[in-house]
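# A structural walkthrough
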Amino acid sequence: MKISYYNGQFKNDDEITVDYNDRAFYFGDGVYEVVRVYNNEFFTLDEHMDRLVRSASEIGIEGLDRARMVEIVTELNEKNNIDDGSVYIQVSRGIGKRNHAYLANKKPVVLAYMNEISRPTAQMEEGISVITADDYRWLKCHVKSLNLLANVMEKERAIRAGAHETILNREGIVTEGSSTNVFIVKDGVLRTHPANNMILNGITRLEVLKVARDRKIPYEEKAFTVGDLMNAEEVFITSTTQEVTPVTEVDGEVVGDGSKGRITHAIQEGFDEEIHKLNLVK
Ligand SMILES: *Cc1c(COP(=O)(O)O)cnc(C)c1O
């Protein structure tokens, strides 16, 4: 039996009922995080919790109790005892009768639960295909908002095209995927969109940049075009659950020689080391 958390209580999964006046339900009015658990330990929990507090603050949800949220996910991890998985945590603005205007004195509502998942080893070796599409999201993409309408519609577009992810662009400038960040290699240099309001600054993205620094792989946080993406030597996407996944096909065109590139491989190795460092601590 899985134990989850909603609005102040830990309960068996099948006993949790969500309040229909939760603003997450009406408006997607809240923020969230997904944190990876390897070998029953959180990976980069601090970074995720910092970002959760930052996202909340960006949309005017102030005074989140960060320490309490760490307690909640830690307790969930103990109760569920998952080796390989993730914790999902969301914070909504609160519960109250439907009204666009914020309701006075409403407390944020936390929902958290765990999933068992395994590393996407096959796709990390073989790579995936992606399509490109317009990025018509709002201009606060640095907030990890619950409001994911454009993201889910664009993910679905990829699935319908027989691809795995949609890489978005604003007037030809590649921003990110529907739930992933995007890197290319051009002339041996790793490149990704700068962390501004146009993208969600992934914790995995930051880990990749750290690995690049450690391994002396040159990189730039500099925007690039769909043309650069199509002509790149290597392409990969990153996220907490997809880790570092090579892209071998963009809009039906093969990337490089169609297999995982040398720099992508080096980044994967470095990322793997970070995960294993954590497991050695145990
Ligand atoms: C969560 C997310 C990512 C990846 O972030 P990670 O912290 O690496 O999981 C990238 N883009 C979007 C739009 C996201 O929501």
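The structure reproduced in this document is the subject of the present report. None of these values were measured; they are calculated from a predicted model.

Each value, and the rule that gives it
Residues numbered from 1 in each chain as written. Predicted model: local features only at pLDDT ≥ 70, side-chain atom pairs only at ≥ 80, totals over all residues. Heavy atoms only, no water. Pairing = 2+ DSSP bridges. Helix = DSSP H or I, 4+ residues; strand = E, 2+ residues; numbered from the N terminus. Near = heavy atom within 4 Å. Polar contact = N/O pair within 3.5 Å; in protein donor to acceptor, adjacent residues only side chain to side chain. Areas by Shrake-Rupley, 256 points an atom, 1.4 Å probe, with all protein chains shown as cover. Nonpolar A, V, L, I, M, F, W, Y, C, P; charged D, E, K, R; others polar. Domains from an automatic or database assignment. 1 Å grid on protein atoms, 1.4 Å probe; cavity = no way out; pocket = protein on both sides within 12 Å on 5 of 7 lines; lining within 4 Å. Points joined across faces, edges and corners; volume = space filled by probe spheres on them.

So, on to the pairing of strand β6 (residues 109-116). Here strand β1 (residues 3-6) pairs with β6 via 2 bridges, running antiparallel. Looking at the pairing, Tyr-6 lines up with Leu-111 of β6. Direction of pairing for strand β5 (residues 85-92) relative to β6: antiparallel, over a ladder of 8 bridges. When the sheet's bridge partners are listed, Val-91 is paired in β6 with Val-110.

All right, on to the site of the ligand then. Surrounding the ligand, one finds 17 residues, the nearest of these being Lys-144, Glu-176, Ile-203, Thr-204 and Thr-240. Glu-176 is positioned with one of its side-chain polar atoms (N or O) 2.7 Å from a nitrogen atom of the ligand. Here an oxygen atom of the ligand and a side-chain polar atom of Thr-204 are 2.6 Å apart. In isolation the ligand has 380 Å² of accessible area, and contact with the protein removes 94% of it. At the level of secondary structure, the elements contributing two or more residues to the shell around the ligand comprise α2 (45-58) and α6 (203-214). When the residues that make up the shell around the ligand are grouped by side-chain class, the tally is 3 nonpolar, 10 polar and 4 charged. If you count residues domain by domain, the shell around the ligand takes at least three from each of domain 1 (3-116) and domain 2 (121-277).

This part takes up empty space enclosed by the protein. Empty space left among the atoms is revealed by rolling a probe the size of a water molecule over them. A full pass over the atoms with the stated rule returns 2 cavities of 30 Å³ or more. A volume near 50 Å³ is recorded for the largest cavity. What lines the largest cavity is simply Arg-36, Tyr-38, Phe-43, Thr-44, His-48, Ile-203, Thr-204, Ser-239, Thr-240 and Phe-271. Secondary structure elements with two or more residues in the lining of the largest cavity: β3 (30-38) and α6. Here the residues of the lining of the largest cavity sort into 4 nonpolar, 5 polar and 1 charged. If you count residues domain by domain, the lining of the largest cavity takes at least three from each of domain 1 (3-116) and domain 2 (121-277).

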